[in-house]
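One-letter residues, chain by chain:
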Amino acid sequence: MLDTQTSTKPRSLHDFTFAKLERELVGDGLRPSHTRALWRALHREATCDFSQRADFLPPLRRWVDANVGNDARLFADSPEVVADTASSDGLTRKFLLRLDDAQTIETVVMGYTGRHTVCVSTQAGCAMGCVFCATGQMGFVRHLRPGEIVAQVLLAQRTLRANGSALRNLVLMGMGEPLHNYDAVMTALDIITDSRGIGLGPSRISISTVGVVPGILRLAAEKRGYHLAVSLHGASEEERSALVPASRRWPLAELIAACSTYSEQTGRKIFFEWTLIAGANDSPATAERLAALLTGIRSHVNLIPLNPTNGFSGTATAAAAAIEFQRTLKAAGIPSTIRQRRGIDVAAGCGMLRAEKTRVSR
Ligand code: SAH
Ligand code: SF4
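About the cut-offs
- Residues numbered from 1 in each chain as written.
- Chains lettered and ligands numbered in written order.
- Predicted model: local features only at pLDDT ≥ 70, side-chain atom pairs only at ≥ 80, totals over all residues.
- Heavy atoms only, no water.
- Buried < 20%, exposed > 50% of the residue type's maximum accessible area, 1.4 Å probe, protein only.
- Helix = DSSP H or I, 4+ residues; strand = E, 2+ residues; numbered from the N terminus.
- Pairing = 2+ DSSP bridges.
- Right-handed = clockwise from strand over helix to strand, strands pointing away.
- Domains from an automatic or database assignment.
- Contact = heavy atoms within 4.5 Å.
- Salt bridge = Lys/Arg side-chain N within 4 Å of Asp/Glu carboxyl O.
- Polar contact = N/O pair within 3.5 Å; in protein donor to acceptor, adjacent residues only side chain to side chain.
- Nonpolar A, V, L, I, M, F, W, Y, C, P; charged D, E, K, R; others polar.
- Expected span 1.5 Å × (residues − 1).
- Arc of directions from axis to C-beta.
- Core = buried A, V, L, I, M, F, W, Y, C linked by side-chain atoms within 4.5 Å.

Counting buried positions over the five residues of strand β10 (residues 205-209) gives five, a clear majority of the element. Direction of pairing for strand β9 (residues 167-172) relative to β10: parallel, over a ladder of three bridges. Note on β10: the bridge partner recorded for L172 is I207. Handedness of the crossover is the feature at issue here: the chain leaves β9, passes through helix α7 (residues 182-193), returns alongside β10, and the resulting connection is right-handed. In the sheet, β10 pairs with strand β11 (residues 227-231) via four bridges, with the strands oriented parallel. Note on β11: the bridge partner recorded for S208 is A229.

Before going further, it helps to examine the domain arrangement of the protein chain. As a measure of interface size, the accessible area lost when the parts come together is often cited. According to the domain assignment, the protein chain consists of domain 1 (11-75) and domain 2 (80-346). Taking only C-alpha atoms into account, the centre of domain 1 sits 33 Å from that of domain 2. Each partner contributes to the interface: domain 1 provides 14 residues, whereas domain 2 provides 17 residues. A salt bridge links R145 to D15, with the shortest nitrogen-to-oxygen separation between them at 3.1 Å. At the surface where domain 1 touches domain 2, the tally comes to seven residue pairs in polar contact (both at pLDDT 80 or more). Split by residue class, the side of domain 1 that touches domain 2 holds six nonpolar, four polar and four charged.

Below, the discussion takes up helix α6 (residues 146-162). Given a rise of 1.5 Å per residue, 17 residues ought to cover 24 Å, and the 25 Å separating the end C-alpha atoms of α6 matches this to within 8%. Burial within α6 is extensive, with 14 of its 17 residues counted as buried. Following α6 by one or two positions, G164 adopts a phi angle in the positive range, close to 75°.

For the rest of this paragraph, the subject is helix α4 (residues 58-67). Looking at α4, one finds that the buried residues are L60, R61, W63, V64 and N67. With its buried residues spanning 165° around the axis, α4 presents them on a single face. Exposed residues lying more than 90 degrees from the buried face of α4 are R62, D65 and A66. Where the residues of α4 are buried, they touch α2 (18-27), α3 (34-44) and β2 (74-75).

This part covers the nonpolar core. Of all hydrophobic cores here, the largest spans 96 residues; its most connected members are F50, W63, L170, L189, I192 and F272. In terms of domain composition, this core takes at least three residues from each of domain 1 (11-75) and domain 2 (80-346). When neighbours within four sequence positions are excluded, F272 is seen to be in contact with V230, L232, I256, C259, L294, I297, S299, H300, V301 and N302.

Next up, the structure:
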C-alpha cells in the first residue's frame with residue numbers, strides 16, 4: 001500500500017515568505033493572525049525552539065506540536081556548526097555549516113565597531129569554475145534553498161546578539177553564484193528584508209555576481225535596489241576568460257551594458273571586484289583597458305590581492321604594483337579601494353575553510 005504521509009518531502013518553515021506561511025496556517029484552518037507570532041519567533045528572535053513560547057496561542061501551539069519537528073511534514077532550518085574559527089585580530093568569525101544532506105557551506109561574520117556584516121553562501125559548490133577560487137575548484141554540488149540562506153543570516157544574528165551587537169549588512173559573497181540560483185536567492189531576500197522579522201533594508205544588502213547577464217537584467221527590471229558587485233578580473237575577453245571560464249557565455253560588452261542598465265534602473269553605482277593576480281591581470285596596460293571599459297558607468301573598483309588556494313599556482317600582486325594599478329585607474333577618473341580579504345588566518349577566502357576541513361578529514 002502507498003503511504004502518502006511519507007511520500008511527501010518535509011518542507012522548511014524558513015523557506016516560506018510571510019504570505020506563504022500565512023497561507024499554510026490558513027490552509028490548516030488557523031486564523032491568519034497567528035502568523036505574526038510564528039514569524040516573530042523564526043525571524044525576529046531567530047529561534048527554532050518553540051517549546052516555551054508564551055506568545056503562541058493554543059491553536060498555534062497545537063499546530064506546531066502536530067506539524068513541525070523531526071519526522072513531521074515541516075521543519076525549521078538549523079544547520080549544524082561543524083567548525084567555528086575566529087581570526088587573530090578578532091574581527092572575523094568563520095563558520096562551516098553542515099546541511100541536512102551532509103553538504104558543507106561557509107558563513108562569515110565580519111565585525112568593525114558597530115558595523116557587522118554577514119557573508120553568506122548561496123550554493124554548495126559553484127558551476128562557474130573561476131580558476132583561482134576554492135569553491136570553483138570543487139565544482140557545482142547543488143543550489144541552496146531559501147531557508148538554508150536565511151538560516152545563515154539568523155546564525156549571524158544569534159552570534160552577534162550574544163556579544164551585545166547587531167547585524168548591519170549582508171553580502172552574498174560566500175560560496176556559489178547567487179544569480180545562478182536566482183529564485184531561491186530572491187525569496188531568501190524577500191524574507192530577510194521583511195520588516196516584521198530580520199528587517200534588513202535593500203540598501204544594506206549586496207549581491208556579488210560573476211556577471212550572469214540575464215540575472216543582472218532581471219534584477220534591474222525588478223528594481224529591487226540591492227547593491228550589485230560584479231566580479232570582473234579581466235578587461236579583455238582573453239584575459240577574463242582565462243580566469244573566469246563562465247564569462248565566455250556573456251561577452252564583456254554585454255556585461256558592461258547590463259551593468260549600465262542596472263545602475264540606471266536602480267540609481268546605484270556598481271562595485272567591480274578585481275582579484276589582483278601577479279602577471280595575469282595587474283599590468284598598467286590592463287588598468288588602462290579597465291578604466292576605458294568603465295568610463296561612463298557610476299562605479300567603484302575593489303582591488304583584492306589574491307588569496308592563494310591549493311588548486312591554483314598564481315600569486316598575489318605585490319603591494320607596489322597594486323598601488324600603481326590603482327594610480328592608473330585614478331588618473332582615468334575611476335575610483336577604487338585596495339582591500340585585503342579579511343582573516344587569511346581563518347581561511348576566509350571563498351570556499352577555503354571547507355577545502356581545508358575536507359582535506360584534513362580525508
Ligand atoms: N560567485 C560570486 C560571489 C562569491 S565569490 C562572485 O564570483 O562574485 C566572492 C568574491 O570572492 C568574488 O569577487 C571572487 O572573485 C572572490 N574570490 C574568490 N576566490 C578568491 C581568492 N582566492 N582570492 C581573492 N578573491 C577571491
Ligand atoms: Fe563561483 Fe564566485 Fe568562486 Fe567564481 S568566484 S567559482 S563565480 S563562487
